[in-house]
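# Per-entry structural report
Residues per chain are reported as follows:
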Amino acid sequence: MGNADKTLYTSDTIIALATPSGIGAIGVIRLSGPDAIALVNEVFYGKDLSIQKTHTIHFGTIRDGELILDEVLASIFIGPKSYTKENVVEISTHGSAYIIESIIKLLIRKGARPANPGEFTLRAFLNGQLDLSQAEAVADLIASNSQASHQVAMQQMRGGFSHELQHLRDQLIHFASMIELELDFGEEDVEFANRDELKALIFQINRIIHRLIESFEQGNVMKNGVPVVIAGKPNVGKSTLLNALLNEERAIVSEIAGTTRDTVEDEIIIGGINFRFIDTAGIRETLDIIEAKGVERTHEKIGKAKLVIYLVDPDQEVSEIGSQVEYLKGLGVPFIPVVNKKDMMTPEFRKEVSSVKYQESRSGAGNPETLTSDLRPPTSDPRPQTSDALFISAKNKEGIDALRETILQTVNLHAINTDDVLISNIRHLEALQKTEASLNSVLENIDNPVTSDFLAVDIKQALHYLGEITGQVTTDDLLETIFSKFCIGK
Ligand code: GDP
């Protein structure tokens, strides 16, 4: 199991509350380690837990001397048939903070040790229950708050890419040992590792790695959500729109230009994907931006976004809209032009604002199927729809569904119900990029007999980086970094 010292972690019995702290109907206290069952048995009355079968639940009381602390259920998991592969007991208590604390303190007095963050999952990893990427996925799964983030985490936890990488790594190990052997023979001109086969394997690995690297963008968006900025001049209706999107009266809408909300971030889920509105507190400023007061600041604000909703209203000069659109195009962030207050719009304004060239930077724009009746020209106006902009009324909540649809299309995510294996973790991305670089270096040196020393070194590097992902190669520092981000009790 890597370089980390297993015995450091697994010789004692750890305890932690596994449910959130605070008052709940029940609380679950979890213990893992060689003495888990024996320790609980010392304070449990009703049955002898030490003779029970694995995967059984037992009713009894927990007592501290004469004092009954609670009536509980104790679930017994005998290692290796448990999450950590050690003996595990889960005690379900009534959800009083007092009861939970008393029971934990009692068991610590009996010899258990308070668990560190993520220590249960760390033990699961060290004992071979999960590989490292799966262990990381446990944390992601717990943190998931949308269908998309749940899906990436679940897939990764169930083995996603790690089985695939493991298989490729095994094949590469075979070649590494052949090449080592060649080196041992030194001067004698022998070739144990068939170069063509090695090349074919590397091409195969690189293809897979490349696909995974490419998947990061989508995986990351699915896990962390899409940062969105609503940009527009004061008073065009940014707060009202945010409000309509959030579908509740959370934004403070004001007649006075510049009065706006004080929340920092809000989220909506469209099609299972999380969209985070960033910088909503500074929503007013997002327009001074486009007024080119500080190009750098604009870049910085919009640069944080993966999507800009560019909002205008009929009070605005169309020439100004035109130049702001050019500006946005130059930034290279996808934007959705949205004309608000369509209830106040004159046919002239509609015509003019429709003639602005929004196109280039919008994917999926102008797709007629996505146009709702809101977006079609009024029946009195027989002109074909030429505009790329959406017409909405934030205040009357008209056109909001079409906007949601366009938001989803513009970020251009594949349907999220695919079985595609995705990576969503920056640590994995970096390790894959390093693996790819090492393998490319192998390919460069492969046909050159002079450099077979390098060949061995580069293959080892590639093996190292691949191993880092799944945890065949670990250091205490790496484990510390990963598991310290977990909550206690996980
Ligand atoms: P912000 O400064 O861009 O955040 O603009 P607000 O959301 O505060 O809106 C400015 C004003 O425009 C408020 O009085 C809103 O009620 C009004 N407003 C917003 N959307 C619409 C709309 O669709 N139609 C009309 N007529 N007024 C709107």
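As the structure is a prediction and not an experimental result, all values here were calculated from the model. (Residues numbered from 1 in each chain as written. Predicted model: local features only at pLDDT ≥ 70, side-chain atom pairs only at ≥ 80, totals over all residues. Heavy atoms only, no water.)

## Points about the pattern of salt bridges
Counted by the stated rule, this structure contains 18 salt bridges. One salt bridge connects aspartate 12 with arginine 113, and the closest N-O pair in it is separated by 2.5 Å. With aspartate 12 in the loop between helix H1 (6-10) and strand S1 (14-17) and arginine 113 in strand S7 (residues 113-114), this pair connects stretches of sequence that are 101 residues apart. Notably, a salt bridge pairs aspartate 140 with lysine 223, separated by 3.4 Å at the nearest N-O pair. Of the two residues, aspartate 140 sits in helix H5 (residues 132-143) while lysine 223 sits in helix H8 (residues 195-224), which places them 83 residues apart along the sequence. (Salt bridge = Lys/Arg side-chain N within 4 Å of Asp/Glu carboxyl O. Helix = DSSP H or I, 4+ residues; strand = E, 2+ residues; numbered from the N terminus.)

## Digging into the nonpolar core
Leu172, Leu198, Leu212, Leu432 and Ile459 are the most contacted members of the largest nonpolar core, which has 32 residues in total. Of all the elements in the fold, those that place two or more residues in this core are helix H7 (160-185), H8, helix H15 (426-445) and helix H16 (452-470). The element best represented in this core is H8, accounting for nine residues. Ala148, Ile309, Leu311 and Leu403 belong to the second-largest nonpolar core, a separate cluster that totals 31 residues. (Core = buried A, V, L, I, M, F, W, Y, C linked by side-chain atoms within 4.5 Å. Buried < 20%, exposed > 50% of the residue type's maximum accessible area, 1.4 Å probe, protein only.)

## Considerations on the site of the ligand
Taken together, 18 residues lie near the ligand, and Asn235, Lys238, Thr240, Asp343 and Ser393 sit nearest. Contacts to the ligand include valine 236, whose backbone N or O atom sits 3.4 Å from an oxygen atom. In this structure, lysine 238 approaches the ligand through a main-chain N or O atom, which is 2.8 Å from an oxygen atom. In the complex, 92% of the free accessible area of the ligand, which totals 580 Å², lies under the protein chains. Among the residues forming the shell around the ligand, the class breakdown is five nonpolar, seven polar and six charged. (Near = heavy atom within 4 Å. Polar contact = N/O pair within 3.5 Å; in protein donor to acceptor, adjacent residues only side chain to side chain. Areas by Shrake-Rupley, 256 points an atom, 1.4 Å probe, with all protein chains shown as cover. Nonpolar A, V, L, I, M, F, W, Y, C, P; charged D, E, K, R; others polar.)

## Overview of the sheet that holds strand S13 (residues 390-391)
Pairing is mixed across the open sheet formed by six strands, whose spatial order is S9-S10-S8-S11-S12-S13. Taken across any chain shown, the strands that pair with only one partner, and hence form the sheet edges, are strand S9 (266-270) and S13. Where strand S8 (residues 226-231) and strand S10 (residues 273-277) come together, three bridges link them in parallel fashion. When the bridges of S10 are listed, valine 226 appears paired with phenylalanine 275. (Pairing = 2+ DSSP bridges.)

## A closer look at helix H3 (residues 97-110)
For H3, spanning 14 residues, the distance from its first C-alpha to its last is 20 Å, which sits close to the expected 20 Å at 1.5 Å a residue. For H3, every residue scored as buried is listed here: Ile99, Ile100, Ser102, Ile103, Ile104, Leu106 and Leu107. On its buried face, H3 is in contact with S1, strand S2 (26-32), helix H2 (36-43), strand S4 (56-64), strand S5 (67-77) and strand S6 (88-94). Where H3 begins, one side-chain oxygen reaches toward the backbone nitrogen of tyrosine 98, 3.1 Å away; that side chain belongs to serine 96. Glycine 111, located one to two residues past H3, shows a positive phi value of around 135°. (Expected span 1.5 Å × (residues − 1). Contact = heavy atoms within 4.5 Å.)

## Describing the sheet that holds S6
Strands sit in the order S3-S4-S5-S6-S2-S1-S7 across an open sheet of seven strands; the sheet is mixed. Since the sheet does not close on itself, it has two edges, and those belong to strand S3 (44-45) and S7, each with one partner. Examined bridge by bridge, S5 and S6 share five bridges and lie antiparallel to one another. If you follow leucine 73 over to S6, its bridge partner there is serine 92.

Just distances and angles here, no functional claims.
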